[in-house]
Each structure stands twice: as structure tokens, then as C-alpha cells.
Amino acid sequence: MTANRSSAAPLRIAGAIHTDVGCVRQLNEDSVAFIASASPSQACDFGALALVADGMGGHAAGEVASALALEVVRRVYYSLDKIPSEALRAAFDAANRAIFAYAAKHPDCAGMGTTCTALGVRDGLLWLAHVGDSRAYLMRDGRLTQLSDDQTLHAQLVRDGVMSPEDAGKGAGSNVILQALGTRLDVEPTIWTEGLPLRQGDIVVLCSDGLTNLVSDARIAEVVSKNPPPEACRLLIDAARRGGGHDNISVGVFVVETDGAGRMADQSGDEADQHRRPADLKAQSFGEELMGDIENRGAASSDFVDERTDGPGVVSVAENDPAAPFYRLLSKLRAPLAMRDMMMAPVRACYRGEGLAIDPAELPPSAAQLYPQVFVTTLAVSSDAGPIRCECFTPPGDGPMPMMLYVHGGGFVVGRSEDTAYVTSRIAAENNVIVVSVNYRWAPEWPFPAGLDDCMAVLRWMRDRGADIGGDASRILVCGDSAGGNLAAALPIRGREERISILATVLLCPVTDFHFEKFASYERLAPTGVVIDASFMGFARGAYLTKSQQWRDPWASPALGDLNGYPRTLLISGTVDPLIDDNRAFAEKLTAVGVKVTHFIGEAMPHGFYFFPGVLKETDAAFATITRFIAIALQS
């Protein structure tokens, strides 16, 4: 399908994409993404990209293949200054080579491959790239049209006139795919050489065969025409699950709108984000390796700020540095070169649990298992530093809903929104609030105030564009744990300067004053602490705050700022947390200036005791306190 370039009014697509493991399989081997252009970021020049990849190969190999396809296609597409058809062809070629090469290096992944259907939208035109049997549809004027051709044995027999459409999908060979990325080097994807002009009101659908094998085109058309994209995704997945759900199910629904500003979003479902994470990490690292031979690579405009490696804390030795010969020799004798990098490498590796093997039966249930009703998408909020990746946890129900900005912990140097999915999912489910969990830049690569800048950018976006996700901008709360609690505690002080109204703060074991040593609990408990200790706290402080005078900055130590007018606050603490006295002192300062404060203290509880479901009874007590607190705050 081809068409000439359109001169219509500026258009954007907005929507949702979701993936579900289904009812039978243990792993989700699908990968999904949606990146929509956002002005005035650079991504606006490259337009939007939506993608579904359905991996195959047994065990976790299909999971790896689809994750690799997503990562490489995304990065290559946004790194090349080419027309969409050429960028998509280069992206699919790179993804095919990446998957093939990965399988060659890893015998346990031999034979793996993935379908991949990608749609690019730029300047009001739609472009398709396709391999396999995932599908793309266009709903226009009440009619659903399949844009992609199924590259299966039966579909080819139908096109050749050998098999009737009625017999297709029945009997032997019904599941034979003729092409898949990564299975051989001579894959020939379908690439539209010209774009299809879009119209306002068009609906675009992307899905895997886990949907189309169980849900008719007529039902798809009915659902997408009568429901907003997030609800349409839910209903279609539910329909496939009711039909047996024997495969993973992925579906994206996108509406074409007239809106020059647009917003940027990279939305993926909860199963994809929470259960595919090991494959994502392997795919990302191998994808980075393959990117070296892609021409005009540059910095991909879709890279999120927490992926940037050009921060002021990154080691760089100039060739004209008088000590350059010394540094070059030192780099051959030790690696990494800088001591801070040397210290960070094991911290981050150990935090991720690299090298650990654990029986899944020993793990508590995942957030997706506990709160399947919470719809998880991933937003990308534009900022001066680049797009900020945020996970959005939305409970069922009609909007507009209150919103909460959540900031994860990790000593300012590690951590992701995925790590706190249980906390954010539970808060969303039990309080009927939309939780936006921000992935901010880490120290030491990005010291103070970079992480806080990112949080502020997301807070502004929630105020200005929260309605886009069904939120009520007049009811915004902030929450954070540990180092994230520090950032959350600083937001009302910094936000005051921009007249951003925050209804309440929920601070879980926060750091509110960087003068740790003045607190008796720190001196008593930190030297031999288990979850956090003096060694780590000292390193984290030095990584985040590079100058001692910053310890006194209210944006870093909110307990030292002007707390008049500070919002209603809930503190969650444990008596064996070295920070307990810090938290008590902050509560006292807030109370002294008339702020309503609730302080839940778990007896004999350590730092972060609320992280795991079903392990400690104090966890449930803490969340019950959060629920009561939020209810009161919303009533006020």
C-alpha cells in the first residue's frame, strides 16, 4: 500500500499498548513499544514508532529475540536521519543480524527468532515494516482493513489460490511462519516505500497472533470503535483470555488526532515490563554492541535521560592534559579508571542480583499477579535533558483520578521503577490513584540536582498534561522511598517557587538531612547496618552531593528549608533504620510550623521493610496507614 505525501493539518497519534502472558504459558515472549513524538524534543522530527514482536524459540529464547528486536529497531530507527522507509529497513536489517549473531554466540538460544510489525508515523503519513504473522490494522470510516500480510504457510497458499480462506488456519502447517527476524540472514521484510496519508479519527491497531487467533476482526473493529485505547486494549485481551488464552496476547490501539503539540509516550504492558526484564537487559547490552557498525549512529533521540552516559560525573581525560600519559598507563593497570566507577560497578551488579540463582517458588508473587487490575504503561515525558521514562500505574475506573508522583530509592546511584512495582501497584489499587513512577538520572554520572530536575519535569507534566492519562491536576500527591523519599521531600520546597500545588507527601524511610552523623540512631545503627550502613551512606552522599556546602541546600536537605506551607505529610519509618532519628526530627520540624503529620513507626523494622508482600505483618500495617492518610488528604 503506497500513497503520496499529504499536506493535511498536523496530526499526532495517541494511545496505549499492552501485553499479557495469557492463560497457558509461563513466560511472555512478546515485546511491545510505543514512542510518540513530543514537541519540542528532537524526537518530534523523527515522529512516532509503534512495534509488536512475538518471539519464538523455546525456554527464554523467544523472550530474548523479541526484546532484542524491540531494542535494536527503536535505537536504529531514531539514530538515522533518513526517510521512514529507509530507517525502518535499516532497523529491521540490524535487528535481524543482532538476533542471528546473539543465537550464534549462545547455544541455548539456537534457532530463536521473532515476528516484528512496526509502524512509523511522520508528517501525517503512516509507514509499515513487517515480518511474520503479527498484524497491523487501520480502522477508517467504520471499516477495519488489515495493512500487513500474514507471512505464514497457509496465508501464502491462500494467496496462491491453492487453499480457500475458510480452510486457512486449520490442520497441519497452520502455525508455520515463513519468515522471522533472526532465523537466517536473508530475511526480506515488507517495507512500504511510501507513506499512507492519515486522517483525523483513524484508528490504528497492532497485535500479535495471540489476539487474532482467538478474536475475530469484527470483534476487534467493534471494540476499538467504541472504547478509548486503554479500555480497548483491556477488552481485547480479556476476550482472548476468555477464548482460551493459549498464547501470549499483545495489542496496541492508537487514535489519530489533530494536535501539533502532541506528547511523547513509550507504553508497554505490565507483563512485558515486569516479567521480561532479564531478557530486556541482555537485549539492551547486546544491542549496544551491534550498534557500533550502524552508520550515523549519534545519540538516539529516543534515549531516555536515565540511559545518558554524558553526565558531568563521567570520566573524560583530554589529550592535552599534562597527566594524560599517566592516566593512559593507569587505565591499563586497573579498570574502571576512576575510583567512583570502580566502586559503582559492584554496587550496581549486586543490586541487580547478577550471578544469583533463586528458586521462583521462594519469591513472593509479582505485582502483576497481585494486582492484575492495575494497567501499567510507560510514558516518556519531555524535558530539557531529554525524554524521561516513567511507568504509569492506573487502577480501573473512570477519571479524572488523583495522581501521585512516585520516586524510587537506591542511594541516588541505582534503582528503577520496576524495582518498586509492588509498592506503586498496591498504592494505585488500594487508593484509586494514578501513580507515575519516574526513572531519574543517577549519580555519580549525574550529581545534584540532575535527579531532582527530572522529578520536577515530571511534576510539571502531571500538572500541565495529567489529563492525558486520566488524571486530576488539582489533586497531586508525591511519594518516595529512601533516596527517592529525599527527592520527594524536596519537591514541595522547589515546587513552591513555581506555584505547583502538592496535596500531600508520603515519605518512606526518607533522607531529609545529609548531616547524618548528628543523629544518635545513625551513629548507633549505621556502622553495622544490614540494608543500609555508614559505608554506603557516605559513598551515596559523596556521589550525589559533590560539594559539602550542598549538604545545607534545602533542595538536598529539605529538613533545613523553610517548611511553612509544606503539605500534609506521612512518614513511614522503622526503629532499626539508621535514619529513624532523621525522620523523627523532620516530623517535629513540620509539626512546629503547623503541618499535619502522621508518623508510622514499625517496631524492630529495618530500612525498606515494606518492599515485599506477605513477608512482614508490618508491611500491611504501613500500607493501611497510607490508605487512611490518602483518604484524609483527598477529603481535605
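The structure reproduced in this document is the subject of the present report. Fair warning: this is a prediction, and the values are worked out from it, not measured in the lab.

### Here we look at the pattern of salt bridges
Here is step 1 of the chain: Across all of its chains, the model carries 32 salt bridges by this definition.
Here is step 2 of the chain: In this structure, the salt-bridge partner of R75 is E307, at a minimum N-O distance of 3.4 Å. Of this pair, R75 sits in helix α2 (residues 61-79) while E307 sits in the loop between α9 (277-290) and α10 (324-333), and the two are 232 residues apart along the sequence.
Here is step 3 of the chain: Judged by relative accessible area, which is 4%, R75 ranks as buried.
Here is step 4 of the chain: Residue classification places E307 among the partly exposed residues on the basis of a relative accessible area of 21%.
Here is step 5 of the chain: Of the charged contacts, one joins R135 and D217 as a salt bridge, the two residues approaching to 3.8 Å between their closest N and O atoms. Remark: D217 occurs in helix α6 (residues 217-226) and R135 occurs in strand β7 (residues 135-140); sequence separation between them is 82 residues.
Here is step 6 of the chain: Judged by relative accessible area, D217 falls into the partly exposed class, the value being 33%.

### What to know about unusual backbone geometry
Here is step 1 of the chain: Omega for the bond connecting A443 with P444 falls within 30 degrees of zero, at 5°, which places this linkage in the cis form.
Here is step 2 of the chain: Tracing the backbone through its elements, the reader meets P444 in the loop between β16 (434-438) and α14 (450-465).
Here is step 3 of the chain: Cis geometry is found at the peptide bond from F448 to P449, where omega equals 5°.
Here is step 4 of the chain: Even without a glycine there, the phi angle at D123 is positive, about 55°.
Here is step 5 of the chain: Residue placement: D123 occurs in the loop between β5 (116-122) and β6 (125-131).

### Considerations on the nonpolar core
Here is step 1 of the chain: Judged by nonpolar contacts, the single largest core of 65 residues is most densely connected at L405, V438, V458, L459, L491, Y544 and Y566.
Here is step 2 of the chain: With 8 residues, α14 is the largest single contributor of residues to this core.
Here is step 3 of the chain: Ignoring any residue separated from it by four or fewer positions in sequence, one finds L491 in contact with L405, L452, C455, M456, L459, V478, R496 and I502.
Here is step 4 of the chain: Grouped together as the second largest cluster of nonpolar side chains are 38 residues, V72, V76, A98 and I99 included.

### Considerations on the pairing of strand β8 (residues 143-146)
Here is step 1 of the chain: By the bridge criterion, 4 bridges tie β7 to β8 in an arrangement that is antiparallel. Pairing of M139 across the sheet is with L144, part of β8.
Here is step 2 of the chain: Adjacent in sequence and paired antiparallel, β7 and β8 are bridged by 2 residues, among which D141 carries a positive phi angle near 55°.

### Regarding the sheet that holds strand β14 (residues 388-394)
Strands pair in a sheet through their backbones, by hydrogen bonds, and they do so in one of two ways: parallel or antiparallel.
Here is step 1 of the chain: Taken in spatial order, the 8 strands make up an open sheet running β13-β14-β16-β15-β17-β18-β19-β20, and their pairing is mixed. The strands lining the two open edges of the sheet, one partner per strand, are β13 (375-381) and β20 (597-602). Neighbour-to-neighbour, the strand axes of the sheet open up by a mean angle of 20°, direction not taken into account.
Here is step 2 of the chain: In terms of strand pairing, strand β19 (residues 568-574) meets β20 through 6 bridges, oriented parallel. Opposite T569, over in β20, you have V597 as the bridge partner.
Here is step 3 of the chain: In this fold α14 packs onto β13, β14, β15 (401-407), β16 and β17 (471-481), with an angle of close to 175° to the strand it touches most, β15.
Here is step 4 of the chain: Each of β15, β17 and β18 (504-508) touches helix α15 (residues 483-496); the most contacted strand, β17, lies at about 140° to it.

### Some words on the packing of α14 against α15
Two numbers describe a pair of packed helices, the interaxial angle and the distance between the axes.
Here is step 1 of the chain: Packing of α14 against α15 leaves a shortest axis separation of 10 Å and a crossing angle of 65°. Along this stretch, α14 crosses α15, giving a crossing that reads as right-handed. Residues G451, L452, D453, C455, M456, L459 and R460 of α14 form the contact with α15, whose participating residues are L487, A490, L491, R494 and G495.
Here is step 2 of the chain: Each residue belonging to the contact of α14 with α15 can be placed in one class, and the counts come to 7 nonpolar, 2 polar and 3 charged.

Conventions and cut-offs
- Residues numbered from 1 in each chain as written.
- Predicted model: local features only at pLDDT ≥ 70, side-chain atom pairs only at ≥ 80, totals over all residues.
- Heavy atoms only, no water.
- Salt bridge = Lys/Arg side-chain N within 4 Å of Asp/Glu carboxyl O.
- Helix = DSSP H or I, 4+ residues; strand = E, 2+ residues; numbered from the N terminus.
- Buried < 20%, exposed > 50% of the residue type's maximum accessible area, 1.4 Å probe, protein only.
- Core = buried A, V, L, I, M, F, W, Y, C linked by side-chain atoms within 4.5 Å.
- Contact = heavy atoms within 4.5 Å.
- Pairing = 2+ DSSP bridges.
- Axes fitted to C-alpha atoms, helices over the stretch in contact; angles between N-to-C directions.
- Left-handed = near helix turned anticlockwise from the far one by under 90°.
- Nonpolar A, V, L, I, M, F, W, Y, C, P; charged D, E, K, R; others polar.

Honestly, that's just the spatial picture; any functional story needs more than this.
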